[in-house]
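Analysis of the macromolecular model
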Amino acid sequence: MKEYVGICTVCQKNVYCLEGFLNGVVVEGKLVCLACEEEEKRDSHKNKN
Ligand SMILES: [Zn+2]
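These numbers come from a predicted model, not from an experiment.

This part takes up the nonpolar core. Residues Cys 8, Val 15, Val 32, Cys 33 and Cys 36 constitute the largest nonpolar core, which totals five residues. Those residues in contact with Cys 8, other than ones at most four positions away along the chain, are Lys 13, Val 15, Gly 24, Leu 31, Val 32, Cys 33 and Cys 36.

Right, let's get into unusual backbone geometry. Despite not being glycine, Glu 19 has its phi angle at roughly 50 degrees, a positive value. Relative to the helices and strands, Glu 19 is located in the loop between strand S2 (14-18) and strand S3 (21-22). Of note in the backbone geometry, Glu 28 takes a positive phi value of approximately 50 degrees without being a glycine. Considering the arrangement of structural elements, one finds Glu 28 in the loop between strand S4 (24-27) and strand S5 (30-33). Of the residues examined, Glu 28 has 6 C-beta atoms within 10 Å and is grouped as exposed.

So, on to the sheet that holds strand S1 (residues 2-7). Spatially, the three strands line up as an open sheet ordered S1-S2-S3, and their pairing is antiparallel. On the outer flanks of this sheet lie S1 and S3, each paired with one strand and no other. Judged from the two bridges that link them, S2 and S3 form a sheet pairing that is antiparallel. Each bridged residue has a counterpart across the sheet, and for Leu 18 the counterpart in S3 is Phe 21.

About the criteria used
- Residues numbered from 1 in each chain as written.
- Predicted model: local features only at pLDDT ≥ 70, side-chain atom pairs only at ≥ 80, totals over all residues.
- Core = buried A, V, L, I, M, F, W, Y, C linked by C-beta atoms within 7 Å.
- Buried ≥ 20, exposed ≤ 12 C-beta atoms within 10 Å, placed from the backbone.
- Contact = placed C-beta atoms within 7 Å.
- Helix = DSSP H or I, 4+ residues; strand = E, 2+ residues; numbered from the N terminus.
- Pairing = 2+ DSSP bridges.

Given below as structure tokens:
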């Protein structure tokens with residue numbers, strides 16, 4: 001079962017919920033796909049001192 005959830009606010013790709021598993025995360029009310037979430041993690045890690 002594949003349920004459309006919304007559009008990634010970073011890459012504008014469609015984000016789906018697959019068998020109850022959301023193919024992304026909601027950060028501060030914004031939908032972000034898993035690929036972009038990984039990028040964000042890397043970026044925030046990089047920006048730390
Ligand atoms: Zn994305």
